[in-house]
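# Breakdown of the fold
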Amino acid sequence: MLRQRLLTALILAPVALWGLFYLSGLSFALFTGLVIGIAAWEWARLSQLPPLGQLLYPAAILALLASAYHQPHLQYQALWIAAIWWPLALILVMTHPRWVSWWRCPARRAFLGLMVLIPAWCGLQILRVDGIFWLLYVLLLTWIADIGAYFAGRAFGRRKLAPAVSPGKSWEGVYGGLLGTSLLSLSAGYYLHYAWPEMLQLWLITLLITAASVLGDLMESLIKREAGMKDSSQLLPGHGGFMDRIDSLTSAVPLFALLLLYGGL
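All values derive from a computational prediction rather than experimental measurement. (Residues numbered from 1 in each chain as written. Predicted model: local features only at pLDDT ≥ 70, side-chain atom pairs only at ≥ 80, totals over all residues. Heavy atoms only, no water.)

### Notes on the pattern of salt bridges
Using the criterion set out here, one finds 4 salt bridges in the structure. Between D217 and K169 there is a salt bridge, with the nearest N and O atoms lying 3.4 Å from each other. With D217 in helix α9 (residues 196–227) and K169 in strand β2 (residues 166–170), this residue pair connects regions lying 48 residues apart in the sequence. Exposure remark for D217: the relative accessible area of 14% places this residue in the buried category. (Salt bridge = Lys/Arg side-chain N within 4 Å of Asp/Glu carboxyl O. Helix = DSSP H or I, 4+ residues; strand = E, 2+ residues; numbered from the N terminus. Buried < 20%, exposed > 50% of the residue type's maximum accessible area, 1.4 Å probe, protein only.)

Listed below in structure tokens is the structure:
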């Protein structure tokens, strides 16, 4: 499994970095749209839609993305949808399995996929227009949060974060992720020559987005649990599916883009 993971990562990482930081405009929109389209197909499977629905669902999402590309104001509106959706997602995760029967409706799970995937794509477009610094920042934030949580959880994990949703995650892992991303915000603030008020603002935003990235991971875990699936697909050997790789980004990217737009940084 480790060998598979390393080989897939060696192939996938250069492609991902090239697409995210070399492409721009329409080519960037198409590249990220392809990723979201594949993730939409996986979400349709997790929603347990019938075979025809598993084809029509990603096609419908791609059509909505095309409309948003040609009407940029829709991209900004999608960020506000994310601001409404993710607090609701937090409630659903925290109260699981109280509303378990609600999750078992394929149409509802499919609808929630719109709230997850479309704002994520829109956030990527908005961040890329401003250059690559903040896009790189939010990507590093999610990666560092994940790595910090993994090692801190293995070393110190005692208290379960959401045992009914993802038994492997612990509060100690969350604290490890927060520590790692705090160091990232300090480094970024120093690089940007921020004064202390701006440094503090960036740190607070970073803490919030770190927590949001954990929620994105938990949200997908909940959907997979109700679908009875360990991974969203087997498209990436050793890593599962595309949705498994971008689950944290689906929450972190749109919320970070929104806070960046209105936070004054």
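### So, helix α3 (residues 51–70)
Taking 1.5 Å as the rise per residue, α3 with 20 residues should run 28 Å; its terminal C-alpha atoms sit 30 Å apart, in good agreement. Taken residue by residue, α3 has G53, Y57, P58, I61, L65 and A68 as its buried positions. The arc that holds the buried residues of α3, viewed along the axis, is 130°, so those residues lie on one side. Away from its buried face, by an angle of more than 90 degrees, α3 presents the exposed residues P51, L52, L55, L56 and H70. Contacts made by the buried residues of α3 are with α2 (25–46), α4 (72–95) and α6 (106–129). (Expected span 1.5 Å × (residues − 1). Arc of directions from axis to C-beta. Contact = heavy atoms within 4.5 Å.)

### Focus: a nonpolar patch on the surface
A contiguous nonpolar surface patch, about 540 Å² in accessible area, is contributed by L17, W143, I147, Y150 and F151. Among the elements that take part in the nonpolar patch, helix α7 (residues 133–156) stands out by supplying 4 residues, more than any other. Of note, W143 is situated in helix α7. (Patch = residues over 30% accessible without salt bridge, like charges linked within 9 Å, V, L, I, M, F, W, Y side chains within 5 Å. Areas by Shrake-Rupley, 256 points an atom, 1.4 Å probe, with all protein chains shown as cover.)

### So, the pairing of β2
Note that strand β1 (residues 160–162) and β2 share 2 bridges and pair antiparallel. Residue A162 lies in a different strand from β2, and its bridge partner there is S166. Where β1 hands over to β2, the hairpin turn is made up of 3 residues, counted between the paired strands. (Pairing = 2+ DSSP bridges.)

### Notes on α7
Because an α-helix completes one turn every 3.6 residues, residues spaced three or four positions apart along the sequence face the same direction. Compared with the 34 Å implied by 1.5 Å per residue over 24 residues, the 33 Å span of α7 between its first and last C-alpha is a close match. W134, L135, Y137, V138, L139, L141, T142, A145, G148 and A152 are the residues of α7 that are buried.

### Description of the side chain of R128
Positionally, R128 belongs in helix α6. No salt bridge is formed by the buried R128; the nearest opposite charge belongs to D130, separated by 9.2 Å. A polar side-chain atom of R128 sits 3.4 Å from the main-chain carbonyl oxygen of F21. The residues touching R128, leaving out its near neighbours within four places in the chain, are L20, F21, Y22, L23, S24, F28 and L135. (Lys, Arg positive; Asp, Glu negative; His and termini not counted. Polar contact = N/O pair within 3.5 Å; in protein donor to acceptor, adjacent residues only side chain to side chain.)

### A word on the packing of aromatic side chains
A complete count under the given rule lists 11 aromatic pairs for this structure. With a centroid separation of 5.5 Å and an interplanar angle of 50°, the aromatic rings of W80 and Y262 are classed as tilted. Of the two residues, W80 is situated in helix α4 and Y262 in helix α10 (residues 242–263); the sequence distance between them amounts to 182 residues. On the basis of relative accessible area, Y262 is assigned to the exposed category, the value being 56%. Between W85 and W86, the aromatic rings sit 5.7 Å apart at their centres with planes inclined by 55°, giving tilted as the arrangement. In textbook terms, an aromatic cluster arises when at least three aromatic residues are bridged by ring pairs, as seen for F133, W134, Y137, Y191 and F256. The ring centre of W41 lies 5.2 Å from the NZ or CZ of R45, which sits over that ring. (Phe/Tyr/Trp six-rings, centres within 6.5 Å; stacked < 30°, edge-to-face > 60°. Lys NZ or Arg CZ within 6 Å of the ring centre and 35° of its normal.)

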